[in-house]
Amino acid sequence: MLCERCGKNDATVHYTEIVQGQKTVYHLCESCAREKGEETYKAMAGAFAFNQLWSGLLNFDNSLPQVANSPEPACETCGMTFSQFTKIGRFGCPDCYETFAARLEPLLKRIQSSDHHTGKVPKRQGGSISVKRELGKLKQEMQLSIMEERFEEAARLRDRIRYLEQQLGSQE
Amino acid sequence: MNNYLSQASSKWLREDGPESDIVISSRIRLARNISDRPFTTLATDINQAQVLNAMQGAIQTPELAKMGPFDMLFMRELNDVGKQVLVEKHLISPALKESHNAAVVIRPDEEISIMVNEEDHLRIQCMLPGNQLDKAYELADQIDDALESNMDYAFDEEKGYLTACPTNVGTGLRASLMMHLPALVLTGQINRILTAVTQVGLAVRGIYGEGSDALGNLFQISNQVTLGHSEQDIIGNLEGVALQIIEHERAARQYLMRESKETIEDRICRSFGILAYARQMDSKEAMQRLSDVRLGIDLGIIKGVSAGILKELMVATQPGFLQQQYGSEMNPGLRDVKRAALIRERLRMDEANN
């Protein structure tokens, strides 16, 4: 058999390539095979860097089995599916975070230090969020002071908590 | 607009800051998106135009105007060389110049730039000379507040600022330091230190080139984690690691001067001689020689040359800048000739001033 690429030398390399489910069988001579190999490698190397790593991270968690033949759930706002996300590594819109929350959780735990934001809150938009955060902190402190029998401090904290809760209530 | 394409305008290039013998610059980047809009990945031309309009409106609000003035440059109105120059000055990312719906808002001192329609709708960047991450964050924080006073961000109580890529979600903060570490490279300690740095959740890369082959011995160290820590913790953590690296670099410099003074002096003076007289200089050699000369200045071996020469020339000898200055598309051969001429001229300038 002659090499199907150059048609001159004997085909000594026979290999099967499967790209996105498409199976192709090649019969090549040695030098054509080498060239072909380099091309394939180059084509792959470009895409590899980020996306492969990304999918690797995501596939690590297979606790959510795919239901065969059922259409993949998509974000209602922008239409992006989770497998599209794993390919490009970026979401389509802010609502994707909500849509894919369950699948995102294990990923966030791996690439981030936690899944909960503790940093800045937008000043105008996030008005009540910082109050809620302070409330959470004060309640913990109050519990601690009760356990350590520092009741005067606990009472002071309780008053502060009441005041903040009233403020929150009047805002909403 | 032409000012942004000339070299002297960047404050981080012109001035020095704390620890600027080792820390070249400090940069803060905040990723922000406008609520209820698709991210840039899925945005249509109309969506992107809306984001551009929102930004154009924002720079005229009193909140932002009082921190200005600002100019808005549209990528589709700039030529390739112009865009390349903005990349070389670190005002925009290489990705931004590929998008024809993108723009950048810049303040004339170039401390502040806001990329529009990059991976995220807005990317606020602040860059200052030397080691002053806190000050750079303060500035970015003010810009962020000013923008948010008239704009609704995509923000979630639990996940924080929502970004196109989950590697930025939360604070949307990337803090980074550009550091010159020639003695750690010369003494072979660099790989050990870089490995240690990555183990504490920081990322490190060469500014030009990778690993220990980083051209000009310039490294960028930045945080990787953006969710779960406060902005202050992220910056404090990076700062703490940076201070240790600075100490190691200083110790390595002293070691070199103590143990192999002649060798190091020879290397530095040889590089100075080549830069002062060579007629052809490729960018790789230029970076290495400039790094040597800068080390020589810091060690007191070379006198009468300003310390800013490394960062100044490392930007001015990039392909975009050379083409901007000498016009037309140049082939690499001609570029090497012009680069050598520019460096000679710059060295003579300092000599004349002394």
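Residues numbered from 1 in each chain as written. Chains lettered and ligands numbered in written order. Predicted model: local features only at pLDDT ≥ 70, side-chain atom pairs only at ≥ 80, totals over all residues. Heavy atoms only, no water.

Draft legend 1. Structural view of the packing of helix α6 (residues 133-148) of chain B against helix α9 (residues 231-259) of chain B. All names here are of chain B. Between α6 and α9, whose axes approach to 10 Å, the crossing angle comes to 155°. In terms of orientation, α6 lies roughly antiparallel with respect to α9. Considering the relative orientation of α6 and α9, their crossing is right-handed. Here α6 contributes Leu133, Asp134 and Tyr137 to the contact with α9, which in turn contributes Glu231, Gln232, Ile235, Leu238 and Glu239. Of the residues assigned to the contact of α6 with α9, the class counts are four nonpolar, one polar and three charged. (Axes fitted to C-alpha atoms, helices over the stretch in contact; angles between N-to-C directions. Helix = DSSP H or I, 4+ residues; strand = E, 2+ residues; numbered from the N terminus. Parallel < 35°, antiparallel > 145°, perpendicular 65-115°, else oblique. Left-handed = near helix turned anticlockwise from the far one by under 90°. Contact = heavy atoms within 4.5 Å. Nonpolar A, V, L, I, M, F, W, Y, C, P; charged D, E, K, R; others polar.)

Draft legend 2. Representation of the nonpolar core in the model. Ile28(B), Met55(B), Leu147(B) and Met179(B) are the most contacted members of the largest nonpolar core, which totals 101 residues. Ranked by the residues each element gives to this core, the list is headed by α9(B), at nine residues. Two domains each put at least three residues into this core: domain 1 (2-252) and domain 2 (260-353) of chain B. Setting aside anything within four residues of it in sequence, one finds Ile28(B) in contact with Ile124(B), Gln125(B), Cys126(B), Leu133(B), Ala136(B), Tyr137(B), Ala140(B), Leu173(B), Arg174(B), Ala175(B) and Ile235(B). Residues Cys93(A), Phe100(A), Ile111(A) and Leu162(B) belong to the second largest nonpolar core, which totals 19 residues. (Core = buried A, V, L, I, M, F, W, Y, C linked by side-chain atoms within 4.5 Å. Buried < 20%, exposed > 50% of the residue type's maximum accessible area, 1.4 Å probe, protein only. Domains from an automatic or database assignment.)

Draft legend 3. Empty space enclosed by the protein, seen in detail. All names here are of chain B. Summed over the entire model, instances satisfying the criterion amount to two cavities of 30 Å³ or more. Its boundaries defined by the atoms lining it, the largest cavity holds a volume of some 50 Å³. Together, Trp12, Arg27, Lys89, His90, Leu91, Glu110, Glu111, Ile112, Ser113, Gln125, Cys126 and Met127 line the largest cavity. Listing elements by their share of the lining of the largest cavity, those giving two or more residues are β4 (112-116) and β5 (122-129). The element contributing the most residues to the lining of the largest cavity is β5, with three residues. (1 Å grid on protein atoms, 1.4 Å probe; cavity = no way out; pocket = protein on both sides within 12 Å on 5 of 7 lines; lining within 4 Å. Points joined across faces, edges and corners; volume = space filled by probe spheres on them.)

Draft legend 4. Region of interest: the domain arrangement of chain B. Residue and element names in this part refer to chain B. You can read the domains of chain B as domain 1 (2-252) and domain 2 (260-353). Centre-to-centre, using C-alpha coordinates, domain 1 lies 27 Å away from domain 2. Contacts between domain 1 and domain 2 engage 25 residues on the former and 22 residues on the latter. In total, about 2200 Å² of surface goes out of reach between domain 1 and domain 2, with carbon and sulfur atoms giving 64% of it. Scanning the region where domain 1 abuts domain 2 turns up one salt bridge. For the salt bridge of Lys311 with Asp16, the shortest nitrogen-to-oxygen distance reads 3.7 Å. In this assembly, domain 1 and domain 2 are joined by six residue pairs in polar contact (both at pLDDT 80 or more). Elements represented by at least two residues in the side of domain 1 that touches domain 2 include exactly α2 (11-14), α5 (80-88), β8 (173-180) and α7 (182-186). Among the elements that make up the side of domain 1 that touches domain 2, the one with the highest residue count is α5 (four residues). Class assignment for the residues of the side of domain 1 that touches domain 2 results in 13 nonpolar, seven polar and five charged. (Buried area = accessible area lost by both parts, 1.4 Å probe. Salt bridge = Lys/Arg side-chain N within 4 Å of Asp/Glu carboxyl O. Polar contact = N/O pair within 3.5 Å; in protein donor to acceptor, adjacent residues only side chain to side chain.)

Draft legend 5. Broad picture of the side chain of Asn33(B). Residues and elements named next belong to chain B. Secondary-structure assignment places Asn33 in the loop between β1 (23-32) and α3 (45-58). For Asn33, a relative accessible area of 1% corresponds to the buried category. Within the structure, Asn33 has its side chain in polar contact with the backbone oxygen of Leu162 (distance 3.0 Å).

Draft legend 6. Quick peek at the packing of aromatic side chains. Enumeration according to the criterion identifies seven aromatic pairs over all chains in this entry. In this structure an aromatic cluster arises from ring pairing among Phe82(A), Phe85(A), Phe91(A), Tyr97(A) and Phe100(A). The ring of Tyr161(B) has Arg32(B) sitting right over it, with the charged end atom 3.4 Å from the ring centre. One residue, Arg348(B), lies across the ring of Tyr277(B), its end atom 5.5 Å from the ring centre. (Phe/Tyr/Trp six-rings, centres within 6.5 Å; stacked < 30°, edge-to-face > 60°. Lys NZ or Arg CZ within 6 Å of the ring centre and 35° of its normal.)

Draft legend 7. Examining the sheet that holds strand β2 (residues 71-74) of chain B more closely. Residues and elements named next belong to chain B. The antiparallel open sheet is built from eight strands, whose spatial order is β2-β3-β4-β5-β1-β8-β10-β9. Sheet topology places β2 and β9 (202-206) at the edges, where each strand pairs with a single neighbour. Between one strand axis and the next, the sheet turns through 20° on average, direction left out of account. Relative to β5, β1 is paired through eight bridges, and the arrangement is antiparallel. Its bridge partner being in β5, Arg32 is matched across the sheet by Leu122. Relative to the sheet, α3 contacts β2, β3 (103-106), β4 and β5, its axis offset from that of β2 by approximately 160°. Across the sheet, α6 lies against β1, β4, β5 and β8, angled at about 25° from β1, the strand it touches most. (Pairing = 2+ DSSP bridges.)

Draft legend 8. Layout of the interface of chain B and chain A. In this assembly, 42 residues from chain B lie in contact with 34 residues from chain A. Summing both sides of the interface, chain B and chain A together bury roughly 3100 Å²; the carbon and sulfur share of this comes to 55%. Taken as a group, Glu148(B), Glu157(B) and Pro166(B) account for 19% of the area that chain B buries against chain A, more than any other trio of residues on that side. For the pair chain B and chain A, the number of links is seven salt bridges. Remark: the boundary between chain B and chain A carries 22 residue pairs in polar contact (both at pLDDT 80 or more). At five residues, α6(B) tops the list of elements feeding residues into the side of chain B that touches chain A.

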